[in-house]
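# Analysis of the macromolecular model
Listed below are the residues making up each chain.
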Amino acid sequence: MMPFPALVASNDLPLAAYVCTDQGADVSRDVIRRTGAKDSAVRGGGLSGAARLSIGKPIARTIITEIGNISVPMACESVSEIRKTGAEVIVLGHQTDIGTYRALRNAGALEYFSFPVSADEILAIQSQKTANSPGPAPVATPCIGVLGSNGGVGASLLAQNLAYFAASPKGANLRTALVDADLRFGTQAIDLDVDDTPGLQEALSAPDRIDATFIGATMHEVNARLSLYSHQIRTQQGIADLERAFPRLAVPLKAEFDAVIFDLPRGALFTQSELPPVIEKLIIVIPAGYSGVNASSRLISRIKETSPELTIIPVVSELRRDAGLSTKEIGKAIGQDIVGSLPRCDKEMARAQRAARPLVERQPRGAYARAVKSIWDAAAASQKAKADPKKRSGIRAWLG
């Protein structure tokens, strides 16, 4: 067997390994010896260590890495950093769930193997056409989640308008998928006055079998660049299993579209633990009151515990007056700067709702459309918002 045929002769160090356990070291040494390289190509540090060293020139054409104890989102970020140098990444780990596999592959990994794995399995990988081409990996599809910390704050409205802006030739001009992830009470199809999409239930029942043909047949084409999944399921039987499949649905959608936007119910982050790894940015829409501060603080604490690498984008909604707190007060309370503010525009919104059209389309130069553009720019940016490290205790104490 001639492993990695396109890689062996093209670099002084065609293959290296960065591991963190004896199990990972043993299989990596076996692979490397059979390629004719030396044992010195096996090093410690794991996936995160390889990522830290991946600056500029690739450290090897193909790198075998091991996840170790880092989170899946951090592992995905490390894979992306290595891929920017042009190196291929093979990841080893003890995680056996499909969510980890899909997340790492979507981040750019050539393959992911859960232990136990043999050298033969690793050597049997056939490099794809893209794997043989040097240079940085393609730009990842933006996958953005939008949820409200409280009801009635306009989170679904924002998701709809963001999707329109992303798809508009005068906006981001991207092929965009809008997914209404509220299977019980989602209203995107109703608000846009289009047929709902029963194919969403079928997609969630077998997400691994979804391809471009299935997507084209089951999504509603709102316009030439925007497609929609939105379906209220009438029976509650099995709905929890369907909701847990949303992370797996994101993978084929990200492969088919230039941008994917999820309109999320508030409880999604508490019930779908595999969702954050496939969403790069999460927009939390907050009303200007104490209940909004409380709810958003709980959500942010949950995210920091379970998915610390997920970028949070806090947005204030003026659609609910509540206590009328300022954006500065809210930002201080939740420990993060507020990225944008959705203005109240009752008359314009009513006209748009009656016409079943998004406000950014009806009034592209209006205040709401400008706010949507600002939020999209923040969501599309790569720089993660930094939380205020100061410890806070009590809502009203934060605001003092």
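All of the points below concern the structure found in this document. (Residues numbered from 1 in each chain as written. Predicted model: local features only at pLDDT ≥ 70, side-chain atom pairs only at ≥ 80, totals over all residues. Heavy atoms only, no water.)

Contact pair helix 3 (residues 72-84) / helix 4 (residues 98-107): the axes reach a minimum separation of 8 Å and the direction vectors enclose 25°. In this view, helix 3 runs roughly parallel relative to helix 4, as classed from their interaxial angle. With respect to the hand of their crossing, helix 3 and helix 4 are arranged in right-handed fashion. Counting all contacts with helix 3, which are made through Val72, Ala75, Cys76, Val79, Ser80 and Arg83, the residues of helix 4 involved are Thr100, Ala103, Leu104 and Ala107. Residue composition of the contact of helix 3 with helix 4, by class: 7 nonpolar, 2 polar and 1 charged. (Axes fitted to C-alpha atoms, helices over the stretch in contact; angles between N-to-C directions. Helix = DSSP H or I, 4+ residues; strand = E, 2+ residues; numbered from the N terminus. Parallel < 35°, antiparallel > 145°, perpendicular 65-115°, else oblique. Left-handed = near helix turned anticlockwise from the far one by under 90°. Contact = heavy atoms within 4.5 Å. Nonpolar A, V, L, I, M, F, W, Y, C, P; charged D, E, K, R; others polar.)

Next up on the list: helix 13 (residues 290-306). In this model, helix 13 (17 residues) spans 25 Å end to end at C-alpha, consistent with the 24 Å of a helix rising 1.5 Å per residue. Listed in full, the buried residues belonging to helix 13 are Gly292, Val293, Ala295, Ser296, Ser297, Leu299, Ile300 and Ile303. (Expected span 1.5 Å × (residues − 1). Buried < 20%, exposed > 50% of the residue type's maximum accessible area, 1.4 Å probe, protein only.)

Ordered by their spatial adjacency, 5 strands build an open sheet running 2-1-3-4-5, and the pairing between neighbours is parallel. Unpaired on one side and paired on the other, strand 2 (42-44) and strand 5 (111-114) mark the two borders of the sheet. Between one strand and the next, the sheet's axes are offset by a mean angle of 20°, whatever the strand orientation. With 3 bridges connecting them, strand 1 (residues 15-19) and strand 2 associate as parallel partners. Bridge assignment links alanine 17 to a residue of strand 2, and that residue is valine 42. (Pairing = 2+ DSSP bridges.)

Ordered by their spatial adjacency, 8 strands build an open sheet running 8-9-7-10-6-11-12-13, and the pairing between neighbours is mixed. In this open sheet, the two strands that pair with only one neighbour each are strand 8 (220-223) and strand 13 (340-342). Neighbouring strand axes in the sheet, compared pairwise and without regard to direction, differ in orientation by 25° on average. With 4 bridges joining them, strand 7 (residues 176-180) and strand 9 (residues 226-229) adopt parallel strand pairing.

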